[in-house]
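Architecture and fold: a report
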Amino acid sequence: MKVAALITWLITALGGFYLLGTWIARGALRSPGASRLPRPVIFGHFLLAATGLVVWIV
């Protein structure tokens, strides 16, 4: 079960990386009106998710 949870979390993390990359590539960092969410919310979510994954792996 632990391995299945890790694999699922890794797949979810890859999806999140893809979404973040798409968001950045489409210019959300350059134009403030491109997204309804502020930048700190996006990057804070990313950092919390990455930290959770690392802590779970350790």
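Residues numbered from 1 in each chain as written. Predicted model: local features only at pLDDT ≥ 70, side-chain atom pairs only at ≥ 80, totals over all residues. Heavy atoms only, no water.

This part covers the packing of helix α1 (residues 2-25) against helix α2 (residues 39-57). In contact at an axis separation of 11 Å, α1 and α2 are set at 155 degrees when each is read in the N-to-C sense. By the angle between their directions, the pair α1 and α2 is classed as roughly antiparallel. In the crossing of α1 with α2, the sense of the turn from one axis to the other is left-handed. Every residue of α2 that contacts α1 at Lys-2, Ala-5, Leu-6, Trp-9, Leu-10, Ala-13, Phe-17, Leu-20, Trp-23 and Ile-24 is listed here: Arg-39, Ile-42, Phe-43, Phe-46, Ala-49, Gly-52, Leu-53, Trp-56 and Ile-57. (Axes fitted to C-alpha atoms, helices over the stretch in contact; angles between N-to-C directions. Helix = DSSP H or I, 4+ residues; strand = E, 2+ residues; numbered from the N terminus. Parallel < 35°, antiparallel > 145°, perpendicular 65-115°, else oblique. Left-handed = near helix turned anticlockwise from the far one by under 90°. Contact = heavy atoms within 4.5 Å.)

Once that is clear, we can look at the packing of aromatic side chains. Scanning the entire structure with this criterion turns up 3 aromatic pairs. Aromatic pair Phe-17 and Phe-46: ring centres 5.4 Å apart, planes at 70 degrees, arrangement edge-to-face. Highlighted residues: Phe-17 in helix α1 and Phe-46 in helix α2, separated in sequence by 29 residues. Exposure remark for Phe-46: the relative accessible area of 27% places this residue in the partly exposed category. (Phe/Tyr/Trp six-rings, centres within 6.5 Å; stacked < 30°, edge-to-face > 60°. Buried < 20%, exposed > 50% of the residue type's maximum accessible area, 1.4 Å probe, protein only.)

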